[in-house]
Amino acid sequence: MIVLQGKGVSKGVAEGPVCFFRRADAAVKKETASDIESEKARVAAAQEKSVAQLEALADKARAETGEETAVLFETHAMFVEDEDYVEAIMTALEEERCNAEYAVEQAGEQFAAMLAAMDDPYMQGRAADIRDVTRRILNNLMGVAEGGVDSDVPVILAADDLAPSETLQLDKSKILGFITKGGSGSSHTAILARTMGIPAICGLGESLKEEYQGRPVCIDGETGQAVLDPDEPALAAFREKQKKQAEMRELLQTMKGQEDVTLDGREMLVYCNIGSPDDVAAVLANDGRGIGLFRSEFLYLAASDYPGEEEQFQAYKKAAAAMEGRRVVIRTLDIGADKQVEYFGLQKEENPAMGVRAIRICLNRPEVFRTQLRALYRASAYGKVAIMFPMITSVWEVRECKEACRRVMAELDAEGVSYNRETEIGIMIETPASVFVADALAREVDFFSVGTNDLTQYTLACDRQATDLGRFFDPHHPAVLRALKMAADAAHRAGIWIGICGELAADLSLLETFLAMGIDELSVSPSAVLPLRAAIRGSTAGSCTLEKLEC
Ligand code: PEP
Ligand code: MG
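Here is what the cut-offs are and how they apply
- Residues numbered from 1 in each chain as written.
- Chains lettered and ligands numbered in written order.
- Predicted model: local features only at pLDDT ≥ 70, side-chain atom pairs only at ≥ 80, totals over all residues.
- Heavy atoms only, no water.
- Domains from an automatic or database assignment.
- Near = heavy atom within 4 Å.
- Polar contact = N/O pair within 3.5 Å; in protein donor to acceptor, adjacent residues only side chain to side chain.
- Areas by Shrake-Rupley, 256 points an atom, 1.4 Å probe, with all protein chains shown as cover.
- Helix = DSSP H or I, 4+ residues; strand = E, 2+ residues; numbered from the N terminus.
- Buried < 20%, exposed > 50% of the residue type's maximum accessible area, 1.4 Å probe, protein only.
- Pairing = 2+ DSSP bridges.
- Salt bridge = Lys/Arg side-chain N within 4 Å of Asp/Glu carboxyl O.
- Contact = heavy atoms within 4.5 Å.

(A) Representation of the domain arrangement of the protein chain. Domain boundaries assigned for the protein chain yield domain 1 (2–23 + 148–234), domain 2 (36–142) and domain 3 (252–549). Relative to domain 3, the C-alpha centre of domain 2 lies at a distance of 39 Å.

What follows is the structure, encoded as structure tokens:
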């Protein structure tokens, strides 16, 4: 039995075999082939498998997100069998007398480079498709499982760390929990684990070894302990805890349908954070009162090219309609920093967290912004959509965003497309600058939502992604809490509501402080709704104090 200690970032207990995440970009080695015909047959089999996968993905996309993504997968399936492309692979095999993997990689890259060099922007854009298709055929040749999980049974997924786009593409039905060498509580893998309601431990460092592949492990996302090859007593203790948690979950079911009010009648709404319209099912199952943060960038992260207006519209409409009149706050694109999207071609930056990210990208690229705003306004006809802008630092940014909204509304009016003219507009308070000018910002918008993950990062000058900042990264720091209070006061003076959608919202040890500040809404992962509601219903707002703001 080996006990590994990391940082618990998503509560819960799980047991299963360790399975290391296999990156799809495993290096290809050139080998001399003795039998070219059998290499050709391997290419043909990998192509066939790729086409079948792409057709299945097209069907899934058609059912879940709409026609536009479905067509993308169908086009990829056509590329796999494109005559010129296949001929290029076969020629490479003949000429190089090498293994199938090397021939596919070489031919695919040459083909993509040729397309990229063309004058026609449409053909240039197809280079990325060919690279995608080539990677798929390579994965099938090398036995790299789609979604990075090479297992038929559910596993505890182990990794150095996971990029948000990798986490997104995982086959979630196969994952019981996460254990990572790096990462932090506010990294997007941790956020996703909480949304999925499964345990996760990060920061295990080098104690997490590849040789543990396939061995049984029990993980506790509360204590941050992972026990490899557990003995009988350890296993029994884990199972006991699992049972208690199941009982607690059962007990919390009584919170469904109850109001989010304190004992002395103060309402504090409990909303949910989601990353895709599919997560709405978990929101409804946990009786979230609304959606306080729909991270729309996950649509962009999951795609291999800019998602179009129709595809986005379908996704937002699906969430808005499913919530049946309850508020759905959709945040506009927040990429950059740790959320990199290749097709945006963003410059490499020394300090990406302080670089061209989030609203800065949207204001620099009006077309990308316009497409998303059009989709959002169109979706507003199907539910109570609210639009929220991330990473605001200045009043002029908000005014430009509102101007972009007005232009889109005028377009839709001219086209006779229906939308909700009263759609609420809000901003995220997640930079110290936005706190300092919160009074002026509050006069511009309908609501604030505090992103405590970034607010902590920027206030304390502590990278939220870093594993080893330890006690220096302290979201409970009085500076962070005072910033929250300043924003809340500014919001209330202007008569608008303020919520919190960063991870701190689910921190029950701060609930009384939030009540004392008069925070109106807390947006948390779906699995945190019922415990939070129980805590609110057991609190008395009138006796809450701001003592945690003292140094
Ligand atoms: C935040 O910064 O707290 C937030 C909610 O946004 P994200 O975690 O997506 O940056
Ligand atoms: Mg943020």
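(B) Just the site of ligand 1, in detail. With respect to spatial proximity, 16 residues lie near ligand 1, and among them Arg-295, Arg-331, Gly-451, Asn-453 and Arg-464 are the closest. Backbone polar atom of Thr-452 to an oxygen atom of ligand 1: 3.1 Å apart, as the coordinates give it. Asp-454 places a main-chain nitrogen or oxygen 3.0 Å from an oxygen atom of ligand 1. In the complex, the protein chains occlude 100% of the 290 Å² of accessible area that ligand 1 would expose alone. Those elements that place two or more of their residues in the shell around ligand 1 are α7 (188–196), β10 (291–295) and α17 (452–460). With three residues, α17 is the largest single contributor of residues to the shell around ligand 1.

(C) Region of interest: the pairing of strand β11 (residues 327–331). Counting buried positions over the five residues of β11 gives five, a clear majority of the element. Burial along β11 is two-sided: the face carrying Arg-327, Val-329 and Arg-331 and the face carrying Val-328 and Ile-330 are both buried. In terms of strand pairing, β10 meets β11 through three bridges, oriented parallel. Its bridge partner being in β11, Ile-291 is matched across the sheet by Val-328. Inspection of the sheet shows β11 paired to strand β12 (residues 384–389) by five bridges, in the parallel sense. Across the sheet, residue Arg-327 finds its bridge partner in β12, namely Lys-384.

(D) Molecular detail of α7. Burial analysis of α7 places eight of its nine residues in the buried class, which makes it a mostly covered element. Phi turns positive one or two residues past the end of α7, at Gly-197, with a value near 70°.

(E) Region of interest: the pattern of salt bridges. Within the structure shown, the criterion is met by 40 salt bridges. Glu-503 serves as the salt-bridge partner of Arg-194, at 2.7 Å between the closest nitrogen and oxygen. Here Glu-503 lies in the loop between β15 (497–500) and α19 (511–517) and Arg-194 lies in helix α7, a separation of 309 residues in the sequence. With relative accessibility at 16%, the residue Arg-194 sits in the buried group. Between Arg-289 and Asp-260 there is a salt bridge whose closest N-O contact spans 3.5 Å.

(F) Quick peek at the side chain of Arg-327. Counting through the fold element by element, Arg-327 comes out in strand β11. For Arg-327, a relative accessible area of 12% corresponds to the buried category. Here Glu-424 takes part through its side chain, which lies 2.8 Å from a polar atom of the side chain of Arg-327. What Arg-327 contacts, discounting residues up to four positions off in sequence, is Tyr-271, Gly-290, Ile-291, Lys-384, Ala-386, Glu-424 and Trp-497.

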